[in-house]
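Chain by chain, the residues:
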Amino acid sequence: MTPSKDLVAASAIPLILSILQRGDSYGYAIIQQVRALSSGELEWADGMLYPILHRLERRKLVRSYWGEAENGRKRKYYKLHVAGAKELAAQRAHWDKLHDMLQQLEGGELCSS
Amino acid sequence: VFELDREVRSWSAAVHADRCGTGASAAELSDHLYCEIDRARAEGMSDEQAFAAAVAKLGRTEKLSAELAKNQSPLGVACAVAARLDSRDSRVGNRGLFVAHGVVWASVVIAIALWSKKTYSSATSQWLILTILIPCWLGSEQILRRALRSGSERGAS
């Protein structure tokens, strides 16, 4: 089952920040990681990642630096900034809350008072 | 003959057309493209097929270009606008006319500013006059630009 466009867009930032929390990475590797994690169910148009990364950089949630790929090509790496880690913690709390609410509704443990 | 490097460069130029300071973004997207091309070639595709597949995966060029442009710094936006105006002027070939237009308007603004300084004591009214005059100046330049463009298009056809 493929998630809707809206869900894909909403989940992009927490996913990118989570990947960068595990270590510095670059665009292509981030996309491959998301694809592998979702077993191919979460398909991004590859191009959508870069405007998001640039926006995160402008918001100072991530930092970038240039490195060299194994084949000698210039490669832009991204690193999670302190503000990005805070933003990720906040977003995780929101997603956890949402997950919790859905679980409660599914299990019928609804407090009506 | 299909030249992969040339195709990558021209795709990148199309994505970053009409913008300034895009070297970093171009290098980043080219790296992505080559990664995807390498993967596709490893599956047995030719350079041409691999390039087409990689470009398709990145999505529509215009959409990508528009999305990337949203993250431009104010300086980048100003530079892009200046570059666009400059290219239009040189195409029209009426640089002298634009300079003359600028000089006339600058003189008008300075003359009115000096006159208002003598007439009105309030600084607010002077600012008000300037905020009316400057948009008029820019508007007049746009009208001139359009008139010259339509004239040259008619001339060309």
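This structure is a prediction, so every number in the text was calculated from the model and none was measured.

A. Structural view of the overall build of chain A. The number of helices and strands found in chain A is 4 helices and 2 strands. Counting only residues that meet the buried cut, chain A has 38% of its 113 residues in that class. Expressed as a percentage of contacts within chain A between residues at least 6 apart in sequence, the contacts between residues at least 24 apart total 48%. Only carbon and sulfur atoms are counted for the fraction: they give 55% of the accessible area of chain A, which is about 7000 Å².

B. Quick peek at the nonpolar core. With 38 residues, the main nonpolar core has Ile16 and Trp44 of chain A together with Trp11 and Leu33 of chain B as its most contacted residues. Sorting the residues of this core by element identifies α1 (5–21), α2 (27–37), α3 (49–58) and β2 (74–80) of chain A together with α1 (4–15), α2 (23–42), α3 (47–57) and α4 (61–69) of chain B as the ones contributing at least two each. Here this core takes 7 residues from α1 of chain A, the largest share from any one element. Counting 5 residues, the second-largest nonpolar core is a separate cluster that includes Tyr26, Tyr28, Ala29 and Tyr77 of chain A.

C. Here's a closer look at unusual backbone geometry. All names here are of chain A. Positive phi is not limited to glycine here, since Ser39 has a value of about 50°. Its location among the elements puts Ser39 in the loop between α2 and α3. Using a relative accessible area of 62% as the deciding quantity, one classes Ser39 as exposed.

D. Focus on the interface of chain A and chain B. With 20 residues of chain A at the contact, the number on the chain B side is 22 residues. Approximately 1800 Å² of surface area, both sides summed, lies buried where chain A meets chain B, with 52% of it carried by carbon and sulfur atoms. Summed over the three residues of chain A that lose the most area to chain B, namely Tyr28, Tyr50 and Arg73 of chain A, the buried surface amounts to 32% of that side. There are 4 salt bridges connecting chain A and chain B. Asp38 of chain B is the salt-bridge partner of Arg73 of chain A, the closest N and O atoms lying 3.8 Å from each other. Where chain A touches chain B, the interface holds 9 residue pairs in polar contact (both at pLDDT 80 or more). When contributions to the side of chain A that touches chain B are tallied by element, the ones reaching two or more residues are α2, α3 and β2 of chain A. Across the side of chain A that touches chain B, the residue classes tally to 8 nonpolar, 4 polar and 8 charged.

E. Representation of the confidence of the model for chain B. Per-residue pLDDT for chain B has a mean of 80; in total, 77% of the residues score no lower than 70. The element-level mean pLDDT for chain B is lowest in helix α5 (residues 74–92) of chain B, coming to 62, with α3 of chain B highest at 93.

F. Broad picture of the side chain of Ser25 of chain B. Relative to the helices and strands, Ser25 of chain B is located in helix α2. The exposure class of Ser25 of chain B is buried, given its relative accessible area of 10%. Within polar-contact distance, the side chain of Ser25 of chain B engages the side chain of His16 of chain B at 2.8 Å. Contact partners of Ser25 of chain B, with chain neighbours within four places excluded, come to His54 of chain A together with His16 and Leu68 of chain B.

G. Quick peek at a nonpolar patch on the surface. Residue and element names in this part refer to chain A. A cluster of nonpolar residues, Leu7, Trp95, Leu98, Met101, Leu102 and Leu105, forms a patch on the protein surface that exposes about 570 Å² of accessible area. Counting residues per element, the nonpolar patch draws most heavily on helix α4 (residues 82–107), at 5 residues. Within the element layout of this structure, Met101 appears in helix α4. Residue class for Met101 comes out partly exposed when judged on its relative accessible area of 40%.

Rules of the game
Note that residues are indexed from 1 along each chain, following the sequence as it is written. Here chains are named by letter from A upward and ligands by number from 1 upward, in the order in which they appear as written. Given that this is a predicted model, residues contribute local features only at a pLDDT of at least 70 and side-chain atom pairs are listed and counted only at 80 or more, while totals for whole chains, interfaces and linings are drawn from all residues. No hydrogens and no water enter the side-chain calculation; it runs on all heavy atoms of the structure. Helix and strand definitions here come from DSSP, where helices need a minimum of 4 consecutive H or I residues and strands a minimum of 2 consecutive E residues; each element is numbered from the N-terminal end. Three exposure classes are used, based on accessible area relative to the maximum for each residue type with a 1.4 Å probe and protein chains only: buried under 20%, partly exposed in between, and exposed over 50%. Here, two residues are considered to be in contact whenever any of their heavy atoms come within 4.5 Å of each other. Throughout, the Shrake-Rupley method with a 1.4 Å probe supplies accessible areas, and for residues the shown protein chains are the sole cover considered. The criterion is simple. A nonpolar core is a set of buried Ala, Val, Leu, Ile, Met, Phe, Trp, Tyr and Cys residues joined through side-chain atoms within 4.5 Å. Note on definitions: buried area is the accessible-area loss of two parts on being combined, 1.4 Å probe, summed for both. The salt bridge criterion pairs a side-chain nitrogen of Lys or Arg with a carboxyl oxygen of Asp or Glu, the two atoms within 4 Å. Under the rule applied, a polar contact is a pair of N or O atoms within 3.5 Å (in protein, one hydrogen donor and one hydrogen acceptor; residues adjacent in sequence only if both atoms are side-chain atoms). Amino acid classes used here: Ala, Val, Leu, Ile, Met, Phe, Trp, Tyr, Cys and Pro are nonpolar; Asp, Glu, Lys and Arg are charged; the rest, including Gly, are polar. Here pLDDT means the predictor's own confidence in every residue, given as a number from 0 to 100. The patches described consist of residues with a relative accessible area above 30% and no salt bridge, like charges being joined within 9 Å and nonpolar side chains (Val, Leu, Ile, Met, Phe, Trp, Tyr) within 5 Å.

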